[in-house]
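Fold and contact review
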Amino acid sequence: MTKYLGLHETIDVHEILTFKHLSLTKTTTMSKLVQDPALKGILEEDSTACSNHIHQLQKFITNREETL
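Keep in mind that what you see is a predicted model, and the values were worked out from it rather than measured. (Residues numbered from 1 in each chain as written. Predicted model: local features only at pLDDT ≥ 70, side-chain atom pairs only at ≥ 80, totals over all residues. Heavy atoms only, no water.)

Looking at the packing of helix α1 (residues 7-33) against helix α2 (residues 37-62)
Relative to each other, α1 and α2 sit at 155 degrees, their axes nearing to 9 Å. As the angle between them shows, α1 and α2 are arranged roughly antiparallel. As α1 runs across α2, the sense of the crossing is left-handed. Taken together, the residues that form the contact of α1 with α2 break down as 11 nonpolar, 10 polar and four charged. (Axes fitted to C-alpha atoms, helices over the stretch in contact; angles between N-to-C directions. Helix = DSSP H or I, 4+ residues; strand = E, 2+ residues; numbered from the N terminus. Parallel < 35°, antiparallel > 145°, perpendicular 65-115°, else oblique. Left-handed = near helix turned anticlockwise from the far one by under 90°. Nonpolar A, V, L, I, M, F, W, Y, C, P; charged D, E, K, R; others polar.)

So this is what it looks like as structure tokens:
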């Protein structure tokens, strides 16, 4: 059975993707200004996590059909 994402679901994923892009931009910018090594490590981990989330969300938008 093939199930397609609805228009509202695609828009919701796009909104989350936009938020994640903004979060990644802010984290990357702040990590260059931070001098504390512990905080810098946290920001780098968050940056990696955001990048992974962005790739996963892009798959939802580009592969709109999901096979169940």
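That covers the picture; the talk isn't over yet.
Topic: α1
Helix length check: α1 (27 residues) gives 40 Å between terminal C-alpha atoms against 39 Å at 1.5 Å per residue, within 8%. Where α1 is buried, its residues touch α2. (Expected span 1.5 Å × (residues − 1). Contact = heavy atoms within 4.5 Å.)

Things to note about the nonpolar core
Counting six residues, the largest nonpolar core is built from Val 13, Leu 17, Leu 24, Cys 50, Ile 54 and Leu 57. Looking at this core, the elements with two or more residues in it are α1 and α2. Ignoring sequence-local partners within four residues, the contact set of Leu 24 consists of Ser 47, Cys 50, Ser 51 and Ile 54. (Core = buried A, V, L, I, M, F, W, Y, C linked by side-chain atoms within 4.5 Å. Buried < 20%, exposed > 50% of the residue type's maximum accessible area, 1.4 Å probe, protein only.)

Observations concerning α2
Note that an α-helix has 3.6 residues per turn; residues three or four places apart therefore point the same way. With 26 residues, α2 extends 37 Å from end C-alpha to end C-alpha; this agrees with the ideal 38 Å at 1.5 Å per step. What α2 keeps buried is the set Leu 43, Ser 47, Cys 50, Ile 54 and Leu 57.

A short note on the environment of Cys 50
Mapped onto the elements, Cys 50 comes out in helix α2. Classification of Cys 50 as buried rests on a relative accessible area of 2%. In this structure, the C-alpha to C-alpha distance between Cys 50 and Leu 24, residues 26 residues apart in sequence, is 5.9 Å. If we skip the residues at most four places from it in the chain, Cys 50 touches Lys 20, Ser 23 and Leu 24.

Some thoughts on the environment of Leu 22
In this structure, Leu 22 sits in helix α1. Spatially, the C-alpha atom of Leu 22 lies 9.7 Å from that of Cys 50, the residues being 28 residues apart in sequence.

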